[in-house]
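Chain and residue survey
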Amino acid sequence: MPVTKPGRVITDPSDMTVGRLKSRPQFLAVRAGEQRRGRNFLLEVLDRNAPDEAPRVGFTVTKKHGNAVARNRMRRRIKEAVRLHAAEAMQPGHDYVIVARRDVLRVPFDALAAQLAERIKARPRKERPEAATSRKV
C-alpha cells in the first residue's frame, strides 16, 4: 500500500501527497534520467521502479537567474503550480526535478501551471537508432 507520511497509509493513488527531494545525491541521481524541455523550465524525470511509493519532487534555480529574492519568487511560483495543478499528474515511484528559467516570473500563473502539467504527463520520446542519425555512409 502506498505510504505518504510516516504512519499514514493511503489506498487511493489520487490521495497521495508529493514528497520532496532534499539532498544533493538525490538531485544528482535524477540527472541520469530523462529530460523534458519546456519553454520556462527543464523537467528531469527518473523512474525509481517503486510503484507503491509516492512521487518526489525537487526544485532548482541557479544563481545566474538573479538575486535571492528573484530566485525565491521563481521557486515559490513553481512549488505552487505543482501543488495546485501538477501533483496529480505525477506518477508514483518517480522523481522529478524542475529547473527554472528566468521567464518563470513573466509567464501568467495559469499558463505556467498548464505547461508544467503537460510536460509531466508527456511520454518519453523514442530515441532514434544510431544508424539513423548519420547521413554519411
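What this report covers is the structure whose coordinates are included nearby. (Residues numbered from 1 in each chain as written. Predicted model: local features only at pLDDT ≥ 70, side-chain atom pairs only at ≥ 80, totals over all residues. Heavy atoms only, no water.)

**Some words on the pattern of salt bridges**
Between side chains of opposite charge, a pair can form when the charged atoms approach closely. Counting across every chain of the model gives six salt bridges. Linking Glu80 and Arg83 is a salt bridge whose minimum nitrogen-to-oxygen distance equals 2.6 Å. Residue Glu80 and its partner Arg83 are both found in helix α2 (residues 68–86); the two are separated by three residues, about one turn of the helix. Among the residues examined, Glu80 registers a relative accessible area of 30% and is labelled partly exposed. Across the salt bridge formed by Arg106 and Asp103, the nearest N and O atoms sit 3.1 Å from each other. (Salt bridge = Lys/Arg side-chain N within 4 Å of Asp/Glu carboxyl O. Helix = DSSP H or I, 4+ residues; strand = E, 2+ residues; numbered from the N terminus. Buried < 20%, exposed > 50% of the residue type's maximum accessible area, 1.4 Å probe, protein only.)

**Some thoughts on the sheet that holds strand β4 (residues 34–37)**
A sheet is described by the order of its strands in space; here five strands give the open sequence β3-β6-β7-β5-β4, paired in mixed fashion. Unpaired on one side and paired on the other, β3 (19–20) and β4 mark the two borders of the sheet. Direction of pairing for strand β5 (residues 41–47) relative to strand β7 (residues 94–100): antiparallel, over a ladder of seven bridges. By the bridge assignment, Val45 is partnered in β7 with Tyr96. Here helix α1 (residues 24–31) sits on the sheet and contacts β5, β6 (56–60) and β7; the angle it forms with β5, its principal contact strand, is near 90°. Of the strands in this sheet, β4, β5 and β7 touch helix α3 (residues 109–121), which is tilted by about 30° from β5. (Pairing = 2+ DSSP bridges. Contact = heavy atoms within 4.5 Å. Axes fitted to C-alpha atoms, helices over the stretch in contact; angles between N-to-C directions.)

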